[in-house]
Amino acid sequence: MSTVPTDHGVASLGEFAFECGQSVPDLEVAYETHGEFDGDNVVLVCHALTGSQNVARSPAPERDEGTRGAGQAGQARAWWDDIVGPGKAIDTTEYYVVCANVPGSCYGTTGPTSERPADLDLPEEPDHDRWGTAFPPVQVEDWARAQRRLLDHLGVGRLRAVVGGSVGGMNALEWAKRYPDDVDRVVAIATAGRLDAQCLALDAVARRAIRADPDWNGGDYYGEGRPSPDEGLALARQIGHIMYLSKASMERKFGRRSAGRDSLTREEGDLGLPPEPTAAFFPYREVESYLDYQAEGFSERFDANSYLNLTRAMDEYDLAAGHGTDADALGAFEGESLLLSFTADWHFTVEQSSSLADAFRAGDAPVAHHVIDSDHGHDAFLVEPEHVGPPLRDFLAEGVGGRAVSDDGGQDDESARPEPDHAPVHASLFRG
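Residues numbered from 1 in each chain as written. Predicted model: local features only at pLDDT ≥ 70, side-chain atom pairs only at ≥ 80, totals over all residues. Heavy atoms only, no water.

Description of the overall build of the protein chain
To be explicit about the condition: Comment: elements are numbered from the N terminus, with helices defined as DSSP H or I runs of at least four residues and strands as E runs of at least two. Relative accessibility decides the category of a residue: with a 1.4 Å probe and only protein chains considered, values under 20% of the type maximum give buried, values over 50% give exposed, and everything between is partly exposed.
A count of helical and extended segments in the protein chain gives 12 helices and 12 strands. A buried classification covers 57% of the 432 residues belonging to the protein chain.

Focus on helix H7 (residues 286-301)
Going by this rule: The span expected for a helix works out to 1.5 Å for each residue beyond the first.
Helix length check: H7, at 16 residues, gives a terminal C-alpha distance of 23 Å against a target of 22 Å (1.5 Å per residue), a fit within 8%. Listed in full, the buried residues belonging to H7 are Ser 289, Tyr 290, Leu 291, Asp 292, Gln 294, Ala 295, Phe 298, Ser 299 and Arg 301.

Thoughts on unusual backbone geometry
Phi at Asn 217 is positive, roughly 55 degrees, even though this residue is not glycine. Following the sequence through the fold, Asn 217 ends up in the loop between helix H3 (197-211) and helix H4 (230-244). Its identity is not glycine, yet Asp 364 carries a phi of approximately 60 degrees, on the positive side. Along the chain, the position of Asp 364 falls in the loop between helix H10 (350-362) and strand E12 (367-372).

A look at the UniProt feature "active site" (unreviewed entry) in the protein chain
Just so we agree on the cut-off: UniProt positions are given in the numbering used here, feature names are shortened, and annotations may be inferred rather than shown by experiment.
UniProt tags Ser 166, Asp 345 and His 378 as "active site" (unreviewed entry). In summary, the annotated positions, though distributed over 213 residues, converge in three dimensions, the widest C-alpha pair being only 10.7 Å. Checked against the element boundaries, Ser 166 lands in the loop between strand E9 (159-165) and helix H2 (167-178). Classification of Ser 166 as buried rests on a relative accessible area of 1%.

A short note on the side chain of His 387
Heads up, the rule is: Polar contacts, as counted here, are pairs of nitrogen or oxygen atoms within 3.5 Å of one another; within protein the pair requires one atom able to donate a hydrogen and one able to accept it, and residues that are adjacent in sequence qualify only if both atoms are side-chain atoms.
Considering the arrangement of structural elements, one finds His 387 in helix H12 (residues 385-398). Its relative accessible area of 14% is what places His 387 among the buried residues. Polar side-chain contacts of His 387 include one of 2.7 Å to the side chain of Glu 384.

Notes on the packing of aromatic side chains
Here is the rule we go by: Here a Phe, Tyr or Trp ring, Trp counted by its six-membered ring, pairs with any other such ring whose centre lies within 6.5 Å, and the pair is stacked when the planes are under 30 degrees apart, edge-to-face when over 60, and tilted otherwise. Counted as over-ring charges are cases with an Arg CZ or a Lys NZ within 6 Å of the ring centre that also lie within 35 degrees of the ring normal.
Enumeration according to the criterion identifies 15 aromatic pairs in this entry. Seen in terms of ring centroids, Tyr 107 and Phe 302 are 5.8 Å apart; in terms of plane orientation they differ by 70 degrees. Their pairing is edge-to-face. Linking Tyr 107 in the loop between strand E8 (96-100) and helix H1 (140-154) with Phe 302 in the loop between H7 and helix H8 (304-316), this pair joins segments that are 195 residues apart in sequence. For the residue pair Tyr 107 and Phe 302, the accessibility class agrees, reading buried in each case. Judged by centre distance (5.7 Å) and plane angle (75 degrees), the rings of Phe 298 and Tyr 307 are edge-to-face. As far as the burial class goes, Phe 298 and Tyr 307 line up, both buried. Just above the ring of Phe 298 sits the side chain of Arg 237; from NZ or CZ to the centre is 4.5 Å.

Section: the packing of H4 against H7
For clarity, the cut-off: Every axis corresponds to a line fitted to the C-alpha atoms, with the helix fit spanning only the stretch in contact, and the corresponding angles, defined between N-to-C directions, vary from 0 to 180 degrees. Put simply, angles under 35 degrees are roughly parallel, angles over 145 are roughly antiparallel, angles from 65 to 115 are roughly perpendicular, and the rest are oblique. Each crossing gets its hand from how the near helix is turned against the far one by less than a right angle, where anticlockwise is left-handed and clockwise is right-handed. Whether two residues are in contact is decided by their heavy atoms: any pair within 4.5 Å suffices.
Relative to each other, H4 and H7 sit at 125 degrees, their axes nearing to 8 Å. With respect to H7, the element H4 is oriented oblique. Pair H4 / H7 crosses with right-handed handedness. Contacts between H4 and H7 involve Asp 230, Leu 233, Ala 234, Arg 237, Gln 238, His 241 and Ile 242 from the first element and Tyr 290, Leu 291, Asp 292, Gln 294, Ala 295, Phe 298 and Ser 299 from the second.

Overview of the nonpolar core
Note the cut-off: Grouping buried Ala, Val, Leu, Ile, Met, Phe, Trp, Tyr and Cys residues that are joined through side-chain atoms within 4.5 Å yields what is termed a nonpolar core. Reported domain spans reflect what an automatic or database domain assignment gives.
Core analysis: the largest hydrophobic core is formed by 75 residues, its most contacted members being Leu 159 and Trp 175. Residue-level mapping places this core at the junction of two domains, with at least three residues from each of domain 1 (6-57 + 77-103 + 138-194 + 319-398) and domain 2 (200-309). Setting aside its immediate chain neighbours within four residues, Trp 175 contacts Leu 44, Ala 144, Gln 147, Arg 148, Leu 151, Leu 159, Val 162, Pro 180, Asp 182 and Val 183. In this structure, Val 55, Leu 340, Ile 372 and Ala 380 belong to the second largest nonpolar core, which totals 33 residues.

Structure below.
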């Protein structure tokens, strides 16, 4: 396979005022680029909740990408490698792909784990040198503004497309709202204009799990000899994983089966919780082992304060804010848009994507809502490149008229709809 030029780095963008009114004296943004810039071929990819700038494999050497993010595991590395790369749906021999870690995260962009300025005036001075809970509350709007500033730094003006999935899809929608003249095409995958009450509730419980950890220490767990609230973070992530799967995919993969010999033991997977006296009488099930495995890896690579900040940003986002309706918010966007949704995704539903498509249509902007039959749940946008890739590739090349792009899932022609993929759920995949 051919190689393409890649670059990675951390751009110093100067003082940055967040939507909340607070600011940092110098916002640093970690980014990667793939391909060659020809002035008219830029695709900005927006990562999901706990993703990184490393959207695809590259020959770049291993690098430290943040205090907590050093040595990333799972799909924090090359998290969309099945979609981005030479000859793939987002073809890096044709497009100049940019992906940036968002403010508030922990993979190199300024966030809670970053060293704070020594002269920062705080009501109470922490006994460590990190931003921690003093980091400004972030919002999705801040992510788009930071990306716009990074692109200016890189010499990029107008974009061929902005692409994002999950909360990265919210990020892409914010581009259509905030910078309608800067983008030709928007692709929002498995997303919505706002979270519903059920998802808000689950996120709230996840954050409470972190704050209930005995090592939480009010968020000031940085410094030598202080353990991180890894057990609370692990529990929060387990709640997230349940949100990203569907009933059908969980039943197919796990059912009620007991964990096999190669799985974690109950003692290994109980996250340091006190023993349950009656537990030995009952089986340790495969679904428990899977969740424990996922939690173990995640707590090693992510920061609890970042998780709190980023879930708050996702919860707070409302596309209609400041405009009244979604249609009003998107009214200035005259480019083309593609909404991709998945039939078993209850985190961001088909109906929510359909509502977004109607909002784009209200402004007479060309739009297609492509529905994919899948029982994988929200995970589908990561684990089904064979279904996501074709419409994405053709939309980037030809817009809504692309051959593999259908509107409303091609429901007028049932035979054209793809069959559900029954491949197993991959235990190592990045979610959110």
